Amino acid sequence: MVRFDKLAYDSVDDYIYGSSPKPIKTKKGLVIGGGEIYPELNFTLPTMDVNESTIQDALTIYSEMIEGVLKRARELYAPGVVIEFETLPPFTENPQWGIEATKILLDRMNEYHAVHGLKSALRVTPNDLREMSRPPVMRSGKYLEGVLEAFEGMARDGADFLSIESTGGKELNDEALMNADLKKVIFSLGVLGCRDMKFLWKHIVEIAGKHGAFAAGDSSCGFGNTAMVLAEMGFIPKVFAAVVRVATVPRALVAFEMGAIGPSKDCAYEGQYLKAITGMPISMEGKSAACAHLSPLGNISASCADLWSNESVQQIKLLSDMAPIVSMEQLIYDCRLMNQAKKKGLGREFRDMLVDSDSSLDPRAYVLRPDVAFEISKELVKVEDSFNRTKLGAQLAIEKIRKGYEDGALSLEKREVPWLNIMERQIEEIPDNELEFYDTIKGELDADKWLPKEYGLE
Amino acid sequence: MDLQELSLAVQDGDDKKVKELVNLALQSKVSPENILNEGMIGAMSDIGEKFKNNEIYVPEMLMAARAMAAGMQILEPVLVETGVKPIGKCVIGTVKGDLHDIGKNLVKMMLKGVGIEVVDLGADVPSSEFLKKAEEIGADLVCLSALLTTTMPAMGDVIRVFEQAGVKDKYTFMIGGAPVTSSYAKQINADYYTPDAGTAADVAKDVLVRKAAN
């Protein structure tokens, strides 16, 4: 395991979009984190049932989507693009379908590279099907085999980046989020999530190594983004979602400890911390991902990104053109502007404008401030184990939010403020020893929902 | 006995106090129906109003719902004994192929809060299970949830199963989930689309009140 015990940067001033200390060069010569930020476009099928009788239609739609977005990228002189194929469940349940779609995308990307010189790379993100068994079976069985088979086939056929939104611990985390129970969130993320990441990413890194792909990282989407969106809907406190975000960092970091090298996945907003710790490039999403979900961090999320993503968009017709083409255009213009600012020597100022335009308005944005991410990350790397890092991350996030609020740097609604104390009290109840924590909490966990042995517990 | 104290205990999520006060109310010969309507459902209605007004969050609602459930453990046998019935019955679940259940669980909580008996089939539920359970309990409502564009069609499958069995018109079908719209509800022959849990409870209650009036 790689151990990250210090930050990858000496100064937060150097921590900026488009550049990372450990850039990645892809097969087609695209350098991610080498100075420029590039668009990462994700598209998905319109509403349809994907089955034996419709799969050919679905593959045709993928063919149309990739042609449309590459054509627009070429027309707008994009210096490079990343395409993400985040599969819908049937494409992982039937790995051959996912592999076939991958081939279609790669063929067209290779053609655009050969004919038009458009540099591109493909990220593949199969679904973590293991949660299809209830309670989830994480370490064996047909669902795990399906996921690994999809990775294997896609990497073999030329996918550049392997990613996943893995779900270890999610079976307990959903309810913990709805109850704003930070203790159970920390157990789900810091104990179950981290243990599962160690297991899963060992396999993914091996597959990537075998086929010359990059193990690119894992999003805590089902954890941090679920919390973010629930807070956006007014269901749970925003400060709670902000603290959960920071608590996801150690879990996502495990992929890199196991050998991933990025670029981290777009919806992993914890990437803001991962890049500071690992120096590896990250993908992020914000205002131009409003086609997929709303968020309070549309600008700040771009401040240190190396790829800029739309998260996902369906193949539907808008007034101008098909939605993926529209997304591609938006991302290209976003990136053009950011790259131009850097060329003029205004990169840091542009970064700070992205940061300052969001960070005072919402705690979920505030915890993504580069200075906040830096200071918290500095403390996280001093801690040896993932569980205690998770606990510490949550503690430090509360402290930073409180200080930001008290200093007038962050606005909070009145009903948010008491939750800082509530969360602090919840953390105080958590012992420092992982197994001791498990002993104290297991009576409170719904035994029907999870299998301790799938996480090496019992 | 003043049921306001019971209502406040439910709203505070104080399970222990709720149990004590329900017992006390029964001993004081307060009618079980009044305890239910004024102490419990009234409390959940107030909580729902506070949520709508952005005064509280879901965790506080869940605490209240758990407190109500604690009180109902004592009250329910008495209600059955005295012939008091719920305002209606509902079968709820996330459709086949979809494991997302946060939204569905919220709807369940809100439906219970307005006095509807809810049978939760869970997530990834085959279409036939909805029919089987709805027929078994004599449900009034069938509530379907889906979060994925690829699983939305399974909501239509459920309704078709009821149509094929010739019993579709016995039930009111309500659907919801992030990608779902009212036009999609029309397309699959569902009766209502509701955008959130609070609206779902309001619509469900209206449907049942109208049904009772007919």
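Procedures and definitions
Residues numbered from 1 in each chain as written. Chains lettered and ligands numbered in written order. Predicted model: local features only at pLDDT ≥ 70, side-chain atom pairs only at ≥ 80, totals over all residues. Heavy atoms only, no water. Helix = DSSP H or I, 4+ residues; strand = E, 2+ residues; numbered from the N terminus. Contact = heavy atoms within 4.5 Å. Buried area = accessible area lost by both parts, 1.4 Å probe. Salt bridge = Lys/Arg side-chain N within 4 Å of Asp/Glu carboxyl O. Polar contact = N/O pair within 3.5 Å; in protein donor to acceptor, adjacent residues only side chain to side chain. Expected span 1.5 Å × (residues − 1). Bend = angle between axes of the 7 residues up to and from the residue. Buried < 20%, exposed > 50% of the residue type's maximum accessible area, 1.4 Å probe, protein only. Phe/Tyr/Trp six-rings, centres within 6.5 Å; stacked < 30°, edge-to-face > 60°. Lys NZ or Arg CZ within 6 Å of the ring centre and 35° of its normal. pLDDT = per-residue confidence, 0-100. Disulfide = S-S within 2.5 Å. Domains from an automatic or database assignment. Core = buried A, V, L, I, M, F, W, Y, C linked by side-chain atoms within 4.5 Å.

So, on to the environment of Leu-445 of chain A. Residue and element names in this part refer to chain A. Positionally, Leu-445 belongs in the segment after helix H17 (434-441). Remark: the alpha-carbon pair of Leu-445 and Glu-232, spanning 213 residues in sequence, is separated by 27 Å. Non-local contacts of Leu-445, meaning those with residues more than four positions away in its chain, are made with Leu-172, Lys-184, Phe-187 and Trp-450.

This part covers the interface of chain A and chain B. Residue-level contacts link 25 residues of chain A with 21 residues of chain B. Between chain A and chain B, a total of about 2000 Å² is buried, with carbon and sulfur atoms accounting for 64% of that surface. When residues of chain A are sorted by the area they lose upon contact with chain B, Met-178, Phe-235 and Arg-415 of chain A head the list and together hold 30% of the total. Put simply, chain A and chain B have zero salt bridges between them. Linking chain A with chain B are seven residue pairs in polar contact (both at pLDDT 80 or more), by the criterion used here. Contributing elements (two or more residues each) for the side of chain A that touches chain B: helix H5 (170-178) and helix H7 (221-232) of chain A.

The next subject is helix H4 (residues 58-81) of chain B. For H4 of chain B, with 24 residues, the first-to-last C-alpha span of 33 Å sits near the 34 Å given by 1.5 Å per residue. The sharpest bend along H4 of chain B reaches about 45 degrees and sits at Gln-73 of chain B, with the proline Pro-77 of chain B one to four residues further on. All buried positions along H4 of chain B are accounted for by Val-58, Pro-59, Met-61, Leu-62, Ala-64, Ala-67, Met-68, Ala-70, Gly-71, Met-72, Leu-75 and Leu-79 of chain B. Along its buried surface, H4 of chain B packs onto H5 and helix H16 (418-428) of chain A together with helix H1 (4-12), helix H2 (15-27), helix H3 (32-52) and helix H5 (102-113) of chain B. Two residues or fewer after H4 of chain B comes Gly-83 of chain B, characterised by a positive phi angle close to 80 degrees.

All chains considered together, the criterion is met by 20 aromatic pairs over all chains. Both rings, one in Tyr-62 of chain A and one in Phe-85 of chain A, keep their centres 5.1 Å apart while their planes meet at 80 degrees; by these two values the pair is edge-to-face. Of this pair, Tyr-62 of chain A sits in helix H1 (residues 55-75) while Phe-85 of chain A sits in strand E4 (residues 81-86), and the two are 23 residues apart along the sequence. Judged by relative accessible area, which is 0%, Phe-85 of chain A ranks as buried. A ring pair is formed by Tyr-171 of chain B and Phe-173 of chain B, whose centres lie 6.5 Å apart and whose planes are at 70 degrees; its orientation type is edge-to-face. In terms of burial, Tyr-171 of chain B and Phe-173 of chain B fall into one category: buried. By way of ring pairs, the aromatic residues Phe-187, Phe-387, Phe-437, Tyr-438, Trp-450 and Tyr-455 of chain A are connected into one cluster. A cation sits over an aromatic face here: Lys-342 of chain A above Tyr-17 of chain A, 5.4 Å from the ring centre.

So, on to the pattern of salt bridges. Evaluated as defined, the whole model comprises 51 salt bridges over all chains. We note a salt bridge from Arg-364 of chain A to Glu-232 of chain A, for which the minimum N-O separation is 2.8 Å. Taken as a pair, Arg-364 of chain A in helix H13 (residues 363-366) and Glu-232 of chain A in helix H7 lie far apart in primary sequence, 132 residues in all. Under the relative-accessibility criterion, Glu-232 of chain A is labelled partly exposed at 36%. Residue Asp-191 of chain B is joined to Lys-168 of chain B by a salt bridge in which the shortest nitrogen-to-oxygen separation is 4.0 Å. Residue Asp-191 of chain B is located in the loop between helix H8 (182-187) and strand E5 (192-193), and its partner Lys-168 of chain B is located in the loop between helix H7 (153-164) and strand E4 (172-176); the two are separated by 23 residues in the primary sequence. Judged by relative accessible area, Asp-191 of chain B falls into the partly exposed class, the value being 37%. Look at the salt bridges and you will find they share partners, linking Glu-84, Glu-86, Glu-165, Lys-265 and Asp-266 of chain A into a network.

The pLDDT averaged across chain B works out to 92; a share of 100% of its residues lies at or above 70. Here the predicted complex carries an ipTM of 0.84, next to a pTM of 0.90.

Bringing the state of the cysteines into the picture now. Tallying each qualifying case throughout the model produces zero disulfides over all chains. Of the cysteine sulfurs around Cys-143 of chain B, a residue in no disulfide, the closest is that of Cys-90 of chain B, at 3.6 Å.

Quick look at the domain arrangement of chain B now. Residues and elements named next belong to chain B. Examined at the domain level, chain B breaks down into domain 1 (4-81) and domain 2 (88-213). The gap between the C-alpha centroids of domain 1 and domain 2 is 25 Å. Facing eight residues of domain 1, the contacting portion of domain 2 comprises eight residues. Taken together, both faces of the contact between domain 1 and domain 2 bury some 610 Å²; the carbon and sulfur share is 79%. When the area that domain 1 buries against domain 2 is broken down by residue, the three leading residues are Ile-41, Lys-52 and Met-61, summing to 48%.

Okay, the nonpolar core next. Counting residues in each nonpolar core, the largest one holds 204 residues, and the members touching the most others are Phe-91 and Phe-187 of chain A. In terms of residue count, helix H6 (residues 182-211) of chain A provides more of this core than any other element does, 15 residues in total. Domain assignment of the residues forming this core places at least three in each of domain 1 (4-81) and domain 2 (88-213) of chain B. Those residues in contact with Phe-187 of chain A, other than ones at most four positions away along the chain, are Leu-172, Leu-192, Phe-437, Tyr-438, Ile-441, Leu-445, Trp-450 and Leu-457 of chain A. In this structure, Ala-134, Ile-137, Ala-139 and Val-167 of chain B belong to the second largest nonpolar core, which totals 27 residues.

Before going further, it helps to examine the side chain of Glu-86 of chain A. Residue and element names in this part refer to chain A. Tracing the backbone shows Glu-86 in strand E4. In this structure the side chain of Glu-86 is engaged in a polar contact, spanning 3.3 Å, whose partner is the side chain of Lys-265. Setting aside residues no more than four positions away along its own chain, Glu-86 makes contact with Asn-42, Thr-125, Glu-165, Lys-265 and Glu-311.

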